[in-house]
Amino acid sequence: MNGSTKILLCVTGGIAVYKSVALVSKLTQAGAEVRVIMSESAMQFVQPLTFQAMSRNDVYFDTFDEKDSRVIAHIDLADWADLVVVAPATANVIGKYANGIADDMITTTLLATTKDVWMAPAMNVHMYDHPAVQQNIATLYKRGIRFIEPSEGYLACGYVGKGRLEEPEKITELIMNRHSKPMPLSGKQVVVTAGPTRERIDPVRYVSNFSTGKMGFAMAKAAAELGAHVTLIAGPVALDTPPGVIRVDVESAAEMLEAVENRFSTADLLIKTAAVADYKPKHPADQKVKKQQGDTSLEMERTADILATMGAAKRHQVIVGFAAETNDVEAYADAKRQKKNADYIIANDVTQPGVGFGTDTNKVVLFSSEGKVDFPMLPKDQLASELLQHIVKQEGWH
């Protein structure tokens with residue numbers, strides 16, 4: 001991080017305010033210029049003078065206290081910052097921001113800024129888990145606000161659980177990483193599909209495949225790390241959501257198609273890693289189908305081809321598809337790219353050891369109109385990063 005990085009720290013009320021003092025210290029030591037806005041309740045825990053001494057800048061807390069008559073303070077601060085961080089972020093400020101309420105210095109500044117906003121929640125575990133709070137967080141996620149998830153530990157209220165403000169060292173590290181490396185996907189909307197779909201036979205049985213979603217989640221994580229606003233549309237998988245990624249859970253191919261279509265018009269990049277079922281039962285039963293004597297058969301029908309559908313609909317979007325093959329990988333993959341109007345197809349031979357579903361590694365070939373590029377066997381997180389960096393370079397995104 002260099003000295004030109006300007007951090008506007010918004011401090012709202014809670015016992016975790018004392019950690020924000022340490023955060024200012026860590027950020028200034030890292031070379032950032034920090035300015036602080038405090039809420040009225042935050043000043044019940046720590047006096048503004050403390051933040052003034054740590055930041056070596058005036059501290060703001062009153063919307064109508066204009067320290068420089070040449071500017072309007074909350075507008076000037078909103079424009080000045082490279083990054084706005086709310087830490088601790090109480091349930092109150094999260095709710096106000098989600099609903100467009102501007103009744104103090106912090107909320108008016110948040111609504112006035114066009115810069116990136118990160119929020120680090122801190123509150124009682126039951127407050128954090130309350131549906132209203134979770135809905136407000138989800139609303140802000142959809143608007144591109146990043147959240148630094150609270151840690152699990154002993155809380156001031158006596159509970160042990162999720163709700164403790166992340167440590168200042170960790171928040172500083174995240175900010176330093178964000179501003180110390182290129183972010184070529186900053187401002188880009190990226191949609192990633194991942195995992196399998198399930199097509200119901202009856203209430204207890206379904207048709208699916210062996211996809212675990214690991215590659216798709218790795219692609220979503222890599223896109224977020226390159227600065228993108230990422231929506232991850234996930235089939236049924238047992239994976240944690242990558243930091244800074246909005247997750248939408250679906251089950252069937254039809255649900256996944258609908259979720260993609262709802263977001264496609266504003267997307268810049270669609271990465272379709274999901275292993276969508278090609279067929280579904282034609283007549284799914286409302287009740288469990290009982291076992292019968294002898295053999296049986298299941299009538300199937302085609303599901304929607306999501307890649308082909310979006311390929312036909314694309315205007316400005318860049319589309320990346322995946323192809324899991326067992327033979328003639330190159331021929332099938334490049335034919336798929338052309339037939340479905342995709343810009344890139346990433347193909348692998350899932351019969352090879354360490355490649356494909358459920359593994360932590362992968363080995364792929366990327367096909368585009370420029371030809372093919374072979375990628376060696378790599379951990380999926382590393383491979384996802386290298387794939388995206390190659391695509392970013394080929395698309396001329398900087």
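Residues numbered from 1 in each chain as written. Predicted model: local features only at pLDDT ≥ 70, side-chain atom pairs only at ≥ 80, totals over all residues. Heavy atoms only, no water.

A. Structural view of the domain arrangement of the protein. Assigned domains within the protein: domain 1 (6-177) and domain 2 (189-278 + 302-395). Taking only C-alpha atoms into account, the centre of domain 1 sits 35 Å from that of domain 2. When the area that domain 1 buries against domain 2 is broken down by residue, the three leading residues are Y141, K142 and R146, summing to 87%. Between the two partners, domain 1 and domain 2, sit zero salt bridges. Across the contact surface, domain 1 and domain 2 share one residue pair in polar contact (both at pLDDT 80 or more). The residue makeup of the side of domain 1 that touches domain 2, split by class, is one nonpolar, one polar and two charged. (Domains from an automatic or database assignment. Buried area = accessible area lost by both parts, 1.4 Å probe. Salt bridge = Lys/Arg side-chain N within 4 Å of Asp/Glu carboxyl O. Polar contact = N/O pair within 3.5 Å; in protein donor to acceptor, adjacent residues only side chain to side chain. Nonpolar A, V, L, I, M, F, W, Y, C, P; charged D, E, K, R; others polar.)

B. Examining the environment of I37 more closely. Here I37 is to be found in strand 2 (residues 33-38). Sequence-wise, I37 and K142 are 105 residues apart; in three dimensions their C-alpha atoms are separated by 25 Å. Not counting chain neighbours up to four residues away, the residues in contact with I37 comprise L8, L9, C10, V11, Y60, L77, M105, I106 and T109. (Helix = DSSP H or I, 4+ residues; strand = E, 2+ residues; numbered from the N terminus. Contact = heavy atoms within 4.5 Å.)

C. Local environment of the packing of aromatic side chains. All told, the structure shown has zero aromatic pairs when counted by the stated rule. Directly above the ring of W80 sits R35, whose terminal nitrogen or CZ lies 4.3 Å from the centroid. Here the basic side chain of R302 rests over the ring of Y279, its NZ or CZ set 5.6 Å away from the ring centre. (Phe/Tyr/Trp six-rings, centres within 6.5 Å; stacked < 30°, edge-to-face > 60°. Lys NZ or Arg CZ within 6 Å of the ring centre and 35° of its normal.)

D. Focus on empty space enclosed by the protein. Counting across every chain of the model gives one cavity of 30 Å³ or more. One number sums up the size of the largest cavity: a volume of about 30 Å³. The wall of the largest cavity is formed by V59, Y60, F61, D62, D65 and K67. Tallied by class, residues from the lining of the largest cavity come to three nonpolar, no polar and three charged. (1 Å grid on protein atoms, 1.4 Å probe; cavity = no way out; pocket = protein on both sides within 12 Å on 5 of 7 lines; lining within 4 Å. Points joined across faces, edges and corners; volume = space filled by probe spheres on them.)

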